[in-house]
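A look at the structure
Listed below are the residues making up each chain.
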Amino acid sequence: MERITTTQQALSFIDDQVDRIRSQVGDGKVLLALSGGVDSSVVAALLIKAIGRQLVCVHVNHGLLRKGEPEQVIRVFRDEMNANLIYVDAVDRFLDLLAGVTDPEQKRHIIGEEFIKVFAEEAKKQEGISFLAQGTIYPDILESEQGIKAHHNVGGLPEELDFELVEPVKLLFKDEVRVVGKALGLPDGMVYRQPFPGPGLGVRCPGAITRDRLEAVRESDAILREEFEKNGLSGKVWQYFTVVPDFKSTGVKNGKRTFDWPCIIRAINTTDVMEVTVEHLPDELIDHLVQRIISEVPGINRVLYDFTPKPPATVEYE
Ligand code: XMP
């Protein structure tokens, strides 16, 4: 199959998929877990074009999303595309379960399991759903065939939810999905966004997640993203984020002693994610980031920069 690189190719792919989806689904109802990431957003937009409100999107807010993400999903899909969107505020449910859990693998496991539970509960509330749409892309299939990772999109759902799959982008690579998303009119902030792990900010709040430290991660991440956008770095640097580790150090603010967390900035480039190099930021930008984060984010009294490539360090902290 020819690789999709132009809008014209994307539009003909969209026409073709709209026909295929309509003939597969007929007047049936389709369920989709819509995270707001590139793949699920493109699948949602394609299905909305093909079958409108026969698609039921479920957006689960697990409390570990970045600032503004749930709002963006609601604005783009419910308000602008008139999607049949169910927004599930599961923040307390996730954060209560995660309280006191320090082991990284256990945190990931809880987040994954609870996500499936919440989604399955919403699915059971719906009448007459016979299809499940998924944002599976070609690398997911390749990696699961090669045994590199369990297929993150398949399996997991309880067996009593016996759905037929709708996977319209399963033969596309990520860059092709982005071209299709752009052609479908999705905003750039959604189409060109940087990779973001499924467990979200949970892995950037190392150790036991507390609401105040999670807020410090979310706010500092929002400042970093805003400054990268302003400085023309957002399309250039592969991934960038902040981490707020679970220890405190002494500082001084307005003549008073403080005892607060540090905020670590990580900005990296890679082509294959196996090896990663560090992006060196201009001094003035670093100074500006330090000033903003210290003055705007409660609980932070130091800003650090992570200069470590992968290997030996991984991208995420847990
Ligand atoms: P590491 O930390 O393994 O990260 O060097 C490599 C890339 O994978 C992303 N990542 C994840 N993505 N679920 C995901 O969907 C996860 O649990 C997860 N852990 C890491 C990470 O953000 C980086 O882009």
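**Looking at the environment of Val-18**
- Structurally, Val-18 is set in helix H1 (residues 7-25).
- Given the relative accessible area of 8%, Val-18 is considered buried.
- For Val-18 and Asp-162, which are 144 residues apart along the polypeptide, the C-alpha to C-alpha distance reads 23 Å.
- Here Val-18 is in contact with Leu-46, Lys-49 and Ala-50, once residues within four sequence places are set aside.

**Some thoughts on the site of the ligand**
- All residues in the neighbourhood of the ligand are listed as Arg-108, Pro-195, Pro-197, Gly-198, Pro-199, Trp-238, Gln-239, Val-273, Lys-310, Thr-314, Val-315 and Glu-316.
- For the ligand, an oxygen atom lies 2.7 Å from a polar atom in the side chain of Arg-108.
- Within the backbone of Val-315, one N or O atom sits 2.8 Å away from an oxygen atom of the ligand.
- Notes on the ligand: free accessible area 490 Å², of which the protein chains cover 68%.
- Classifying every residue of the shell around the ligand by side-chain character gives six nonpolar, three polar and three charged.

**Examining the sheet that holds strand S3 (residues 84-89)**
- An order of S3-S2-S1-S4-S5 is seen for the five strands of this open sheet, with the pairing classed as parallel. In this open sheet, the two strands that pair with only one neighbour each are S3 and strand S5 (164-166). Taken pair by pair, the neighbouring strands of this sheet meet at an average axis angle of 30 degrees, ignoring direction.
- Of the pairings in the sheet, the one linking strand S1 (residues 29-33) to strand S2 (residues 55-61) comprises four bridges and is parallel in character. From the neighbouring strand, Val-30 faces S2, where its bridge partner is Leu-55.
- Its contacts with the sheet put helix H2 (residues 38-51) on S1, S2, strand S4 (129-133) and S5, and the angle it makes with S1 is roughly 160 degrees.
- Against the sheet, helix H3 (residues 69-80) makes contact with S2 and S3, and its axis sits at roughly 165 degrees relative to S3, the strand it touches most.

**Focus on the packing of helix H4 (residues 91-98) against helix H5 (residues 104-125)**
- Close contact between H4 and H5 brings their axes to 10 Å; oriented N to C, the two are set at 150 degrees. If you check the angle between H4 and H5, you find them roughly antiparallel. Seen from above, H4 lies across H5 with right-handed handedness. In contact with Arg-93, Phe-94, Leu-97 and Leu-98 of H4, H5 contributes Lys-107, Ile-110, Ile-111, Glu-114, Phe-115, Lys-117, Val-118 and Glu-121.
- Of the residues contributing to the contact of H4 with H5, the split by class is seven nonpolar, no polar and five charged.

**Quick look at the nonpolar core**
- Judged by nonpolar contacts, the single largest core of 50 residues is most densely connected at Leu-31, Phe-228, Ile-293 and Ile-300.
- Non-local contacts of Ile-300, meaning those with residues more than four positions away in its chain, are made with Ala-216, Val-244, Asp-260, Trp-261, Pro-262, Cys-263, Ile-293 and Ile-294.
- If you look at the next biggest cluster of nonpolar residues, it comprises 40 residues, including Val-30, Val-38, Ala-83 and Phe-131.

**Let's talk about the packing of aromatic side chains**
- In this structure the tally under the stated criterion is three aromatic pairs.
- Ring plane angle 90 degrees and centroid distance 5.5 Å describe the contact between Tyr-138 and Phe-173, whose orientation is recorded as edge-to-face. On the criterion of sequence distance, the pair formed by Tyr-138 in helix H6 (residues 138-145) and Phe-173 in the loop between S5 and helix H7 (174-183) is long-range, its members being 35 residues apart.
- Classification of Tyr-138 as partly exposed rests on a relative accessible area of 27%.
- A relative accessible area of 27% places Phe-173 in the partly exposed class.

**Digging into the environment of Arg-266**
- By the element assignment, Arg-266 lies in strand S8 (residues 256-269).
- Sequence-wise, Arg-266 and Gln-239 are 27 residues apart; in three dimensions their C-alpha atoms are separated by 8.1 Å.
- The contacts of Arg-266, once residues within four sequence positions are left out, are Gln-239, Tyr-240, Phe-241, Val-278, Asp-306, Thr-308, Pro-309, Ala-313, Thr-314, Val-315 and Tyr-317.
- A distance of 3.2 Å separates the side chain of Arg-266 from the side chain of Asp-306, its partner in a polar contact.
- Among the polar contacts made by the side chain of Arg-266, one reaches the main-chain carbonyl oxygen of Val-315 at a distance of 3.0 Å.

**Some thoughts on the packing of H1 against H7**
- The interhelical angle for the contact between H1 and H7, taken along N-to-C directions, is 80 degrees, at an axis separation of 9 Å. Our classification of the angle between H1 and H7 gives roughly perpendicular. Here Thr-7, Ala-10, Leu-11, Phe-13 and Ile-14 of H1 come into contact with H7, specifically with Val-179, Val-180 and Ala-183.
- Tallied by class, the residues present in the contact of H1 with H7 amount to seven nonpolar, one polar and no charged.

Rules used in this analysis
- Residues numbered from 1 in each chain as written.
- Predicted model: local features only at pLDDT ≥ 70, side-chain atom pairs only at ≥ 80, totals over all residues.
- Heavy atoms only, no water.
- Helix = DSSP H or I, 4+ residues; strand = E, 2+ residues; numbered from the N terminus.
- Buried < 20%, exposed > 50% of the residue type's maximum accessible area, 1.4 Å probe, protein only.
- Contact = heavy atoms within 4.5 Å.
- Near = heavy atom within 4 Å.
- Polar contact = N/O pair within 3.5 Å; in protein donor to acceptor, adjacent residues only side chain to side chain.
- Areas by Shrake-Rupley, 256 points an atom, 1.4 Å probe, with all protein chains shown as cover.
- Nonpolar A, V, L, I, M, F, W, Y, C, P; charged D, E, K, R; others polar.
- Pairing = 2+ DSSP bridges.
- Axes fitted to C-alpha atoms, helices over the stretch in contact; angles between N-to-C directions.
- Parallel < 35°, antiparallel > 145°, perpendicular 65-115°, else oblique.
- Left-handed = near helix turned anticlockwise from the far one by under 90°.
- Core = buried A, V, L, I, M, F, W, Y, C linked by side-chain atoms within 4.5 Å.
- Phe/Tyr/Trp six-rings, centres within 6.5 Å; stacked < 30°, edge-to-face > 60°.

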